[in-house]
Amino acid sequence: MTGFVRTIDAPKLSPPKGEVGLIHTLRHRVFNSAIGGVLAIAIAALLFWTAWTIIDWAFFRGVWTAPDRELCNAEGAGACWPFIKARSLQWVYGFYPSAERWRVNLVYLIGAISLAGLMIPAIPFKTWNALFFFLLYPVIAFFLLLGGKFGLTLVETEQWGGLLVTLVLSVTAIVVSAPLGILLALGRRSEMPIVSLLSTIFIETVRGVPLVLVLFMAANMFPLFMPPGVNPDKLLKAVIGTSLFASAYMAEIIRGGLQAIPKGQYEGAQAIGLSYWKSMGLIIMPQALKVVIPSIVNNFISLFKDTSLVTVVGLFDLLGIVQTGFNDPKWASAQTSNTGYFALAVIYWAFCFSMSRYSQFIERKLNTSHKR
Amino acid sequence: MPHSAVTMSHVDKWYGPFHVLRDINLDVKAGERIVICGPSGSGKSTLIRCINRLEEHQQGDIVVDGIPLTANLKNIDDVRREVGMVFQHFNLFPHLTVLENCTLAPIWVRKQPKAQAEENAMSFLKRVKIPEQALKYPGQLSGGQQQRVAIARALCMNPKVMLFDEPTSALDPEMIKEVLDVMVDLAEGGMTMLCVTHEMAFARQVADRVIFMDQGQIVEENEPEEFFKNPKSPRTRLFLEQILH
């Protein structure tokens, strides 16, 4: 047996050129077997048929202009778009008086600008923006929407509705549930038995009850806890109910994130002298929250949609207000509710899909730091 | 005579019913370099983790730089400021850059201005020979580099005592030397050090005393020359035979 010594390095080559392109993909990924080919064609046909049915109903057979329901009721008519147009303002503002709608617009506008400033990484002043959005904006929005002060006419919450109610409910619940969820999660993991017990009891109680029931209880049982004669506003009760409900779920999501952080991170933080709150705020939470971004956004999305349950306590959110329009004798037709529900689905989907895409963007952005 | 940096007297600790530290008496003078060795499960990591209260002892007294370690949270915070620790698995903060890892505690605990903390951190990163990695994230560095960052991070708090808990055990063989070099440099600079390690060459080179632990007790302690050449306890002899082949 003789030894071996390499004297000339083997050349470093680029990988061999594979077959690429559409034909190659189709042949190897789609039509790679008889069953695969049949399935692919069947699925494509199903998709095409579904898409065509919707497009035909919405566009080709759709009614685009009509003064009332007559055209929509015609044989073979598709979507009844004039109904949406006639109702759209009510969908956005509910029964908010026309003359005062600028206040809602202003709230939407300030919120959108501030939120954009928070969400777009390139925009500076994040701390100030966050302080504004989380502390000052709710106050401004409250007085602008409700009025009764600073020379603004009082608009009772009974007159609020549609998208306004949906957004007030979901944005408040989202904004409240994040810090409350963090505190509850830390509380449940706390080494102080009382804190841990109370947090656990709260979380398990709220999680163990359906949201509908939480809303009913918030609507009907709150007065029991109040001094006699005090019955808080219906919308306020719903806001509190959904916020607490969302917080319990949030707490469990964040607790999951906390458990994913290795013990060494806690020890590293302790060893350099950070106090409990500093190590949580600077070391543990940033990592834990990053791990659970998908679950958090998932929770936000389901919360946004769940707010439609408030119709059961007599509030008119987006879904509620759309449904009330169906009974309008001027527009009631075979296609009215279909059109309404379809438009509603598109609106909900647009909000939720945006949240989902934004969360993926943030995940990617935060993740780059660990790539080699 | 220099004062004591760490004093442990009659320290006992249990994990549940298991008696993990038994009657530990140890006095470490300022500037002294101690190497602690012993078989796995002998309590050496637990011992040094008691010094910055990552583990709580149940009996006996531990005094660090004149501060008694009691349940008093302020004392614990004060001790942790003065004691730096380097872990087997580095425990760097993956979401922060190398520089941020090093400046975090000086800024948030020592309340140093950011510029000063960064300047200080850069000088320590130079000392551990990786200033060029300052803006990278820990995940982008090799194990040896990460451990050197961990040492720099601890040094940034200007600790009076440095604890090393098997700092080279998780490293690939070719990276052990770069970490040991930094530790030797530190030892020669007069830092008070307690190192749990199996690097016997390091012990010979820098230790003032080697401590051998077994089953939660200090079995033998001596100057390195004498310890390696002439171990007194049969348990020490057996251990040394096994690790020195």
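All figures in this text were calculated on a predicted structure; none of them were measured in a lab.

Parameters at a glance
- Throughout, residues of each chain are indexed from 1 in the direction in which the sequence is written.
- Starting at A for chains and at 1 for ligands, labels are handed out in the order in which the entities are written.
- With pLDDT at 70 or above as the cut-off, local features in this predicted model cover only qualifying residues; side-chain atom pairs require 80 or more to be listed or tallied, and sums for whole chains, interfaces and linings still use all residues.
- Side-chain numbers here rest on the full set of heavy atoms in the structure, without hydrogens or water.
- Helix and strand assignments follow DSSP, with helices taken as H or I runs no shorter than four residues and strands as E runs no shorter than two, numbered in order from the N terminus.
- The globule rule used here is 2.2 Å times the number of residues to the 0.38 power, and the radius of gyration it is set against is calculated over C-alpha atoms.
- A simple rule labels every residue: compare its accessible area, found with a 1.4 Å probe on the protein chains alone, to the largest value its type can have, and call it buried under 20%, exposed over 50%, or partly exposed in between.
- Whether two residues are in contact is decided by their heavy atoms, any of which lying within 4.5 Å being enough.
- The Shrake-Rupley method, run with a 1.4 Å probe, gives the accessible areas here. Residue values count only the displayed protein chains as cover.
- By buried area we mean how much accessible surface two parts lose on assembly, using a 1.4 Å probe and totalling the loss over both.
- What makes a salt bridge here is a side-chain nitrogen of Lys or Arg within 4 Å of a carboxyl oxygen of Asp or Glu, nothing more.
- Here a polar contact means two N or O atoms within 3.5 Å. Within protein one must be a hydrogen donor candidate and the other an acceptor candidate, and residues neighboring in sequence count only if both atoms are side-chain atoms.
- Strand pairing follows a simple DSSP-based rule, namely that at least 2 bridges must link the two strands.
- Angles run from 0 to 180 degrees between N-to-C directions of axes, and those axes are lines fitted to C-alpha atoms, restricted for helices to the stretch in contact.
- Should an angle fall under 35 degrees it is taken as roughly parallel, and over 145 as roughly antiparallel, whereas 65 to 115 is taken as roughly perpendicular and any remaining angle as oblique.
- Take the far helix as the reference: if the near one is turned anticlockwise from it by less than a right angle, the crossing is left-handed, and if turned clockwise, right-handed.
- Gly is put with the polar residues, along with every residue not named as nonpolar or charged; the nonpolar set is Ala, Val, Leu, Ile, Met, Phe, Trp, Tyr, Cys and Pro, and the charged set is Asp, Glu, Lys and Arg.
- Each nonpolar core is a collection of buried residues, namely Ala, Val, Leu, Ile, Met, Phe, Trp, Tyr and Cys, held together in the definition by side-chain atoms within 4.5 Å.

Caption draft 1: Spatial organisation of the overall build of chain A. In terms of regular secondary structure, chain A is built from 15 helices and 0 strands. In terms of C-alpha radius of gyration, chain A reaches 27 Å, well past the compact-globule figure of 21 Å for 372 residues. By the burial criterion, 40% of the 372 residues in chain A qualify as buried. For chain A, long-range pairs separated by at least 24 residues make up 68% of all intrachain contacts whose partners lie at least 6 apart in sequence. Here chain A displays about 21,600 Å² of accessible surface, and carbon together with sulfur accounts for 70% of that area.

Caption draft 2: Examining the interface of chain A and chain B more closely. Between chain A and chain B, the residue contacts involve 21 residues of the former and 24 residues of the latter. Summing the contributions of chain A and of chain B, the shared interface buries around 2,000 Å²; its carbon and sulfur component is 59%. Contact with chain B buries area across many residues of chain A, yet A271(A), I272(A) and L282(A) alone supply 26% of it, more than any other trio. Inspection of the region where chain A meets chain B yields 1 salt bridge. Across the chain A-chain B interface, the total number found is 6 residue pairs in polar contact (both at pLDDT 80 or more). For the side of chain A that touches chain B, the secondary structure elements donating two or more residues are α11 (263-271) and α12 (276-291) of chain A.

Caption draft 3: How the structure looks around the sheet that holds strand β7 (residues 161-165) of chain B. Residues and elements named next belong to chain B. The strand order β6-β7-β8-β3-β9-β10 describes an open sheet built from 6 strands, whose pairing is mixed. The strands lining the two open edges of the sheet, one partner per strand, are β6 (83-86) and β10 (217-222). Along the sheet, successive strands turn relative to each other by an average axial angle of 20 degrees, direction set aside. Pairing analysis gives 4 bridges linking strand β3 (residues 33-37) to strand β8 (residues 192-196), with the strands arranged parallel. What sits directly across from I36, in β8, is V196.

Caption draft 4: Summary view of the packing of helix α7 (residues 163-188) of chain A against helix α8 (residues 193-207) of chain A. Residue and element names in this part refer to chain A. Axis separation between α7 and α8 bottoms out at 7 Å; the angle between their running directions is 125 degrees. Of the possible angle classes, the one that applies to α7 and α8 is oblique. The interaxial crossing formed by α7 with α8 has left-handed handedness. Side by side, α7 and α8 meet where L184, G187 and R188 of the first sit next to V195, S196, S199, T200, F202, I203 and E204 of the second. Split by residue class, the contact of α7 with α8 holds 4 nonpolar, 4 polar and 2 charged.

Caption draft 5: Representation of the sheet that holds strand β5 (residues 67-68) of chain B. Residues and elements named next belong to chain B. With antiparallel pairing, 4 strands are arranged side by side in an open sheet as β2-β1-β4-β5. Two strands close off the open sheet at either side, each with one partner strand: β2 (18-29) and β5. Examined bridge by bridge, strand β4 (residues 59-64) and β5 share 2 bridges and lie antiparallel to one another. Bridge pairing links V64 to I67 in β5. Its contacts with the sheet put helix α1 (residues 44-51) on β1 (4-15), β2 and β4, and the angle it makes with β1 is roughly 120 degrees.

Caption draft 6: Fine view of the pattern of salt bridges. Residues and elements named next belong to chain A. As enumerated under the stated definition, the model contains 27 salt bridges over all chains in all. Across the pair E252 and R188 runs a salt bridge whose closest N-O atoms are separated by 3.0 Å. Of this pair, E252 sits in helix α10 (residues 234-259) while R188 sits in helix α7, placing them 64 residues apart in sequence. Note on accessibility: E252 and R188 belong to one class, buried. Put simply, K263 and E267 hold a salt bridge, and the shortest N to O gap is 3.4 Å. Note that K263 and E267 are positioned in helix α11 at a spacing of 4 residues, about one turn of the helix. One network of salt bridges, in which partners are shared, links R188, E204, R207, E252 and R255.

Caption draft 7: Looking closely at the nonpolar core. Residues and elements named next belong to chain B. Counting residues in hydrophobic clusters, the biggest one holds 48 residues, and the most contacted among them are L125, I151, M162, F164, M183, M193 and F202. Here this core gets 9 residues from one element, more than from any other, and that element is helix α6 (residues 173-188). Once you skip the residues sitting within four places of it in the chain, F202 turns out to touch V35, L180, M183, V184, M193, C195, T197 and A207.

Caption draft 8: Examining unusual backbone geometry more closely. All names here are of chain B. In the Ramachandran plot, R53 falls in the positive-phi region, its phi being about 65 degrees despite a non-glycine side chain. Within the fold, R53 resides in the loop between α1 and β4. Look at R53 and you get buried, because its relative accessible area is 11%. A positive phi angle is found at D65, which is not glycine, with a value near 50 degrees. As for its position among the elements, D65 is in the loop between β4 and β5.

Caption draft 9: View of the packing of α7(A) against α12(A). Residues and elements named next belong to chain A. Relative to each other, α7 and α12 sit at 110 degrees, their axes nearing to 13 Å. Relative to α12, the element α7 is oriented roughly perpendicular. Here I182, L183 and L186 of α7 come into contact with α12, specifically with Y276, W277, M280, M285 and L289. Looking at the contact of α7 with α12 residue by residue, the class counts come to 8 nonpolar, no polar and no charged.

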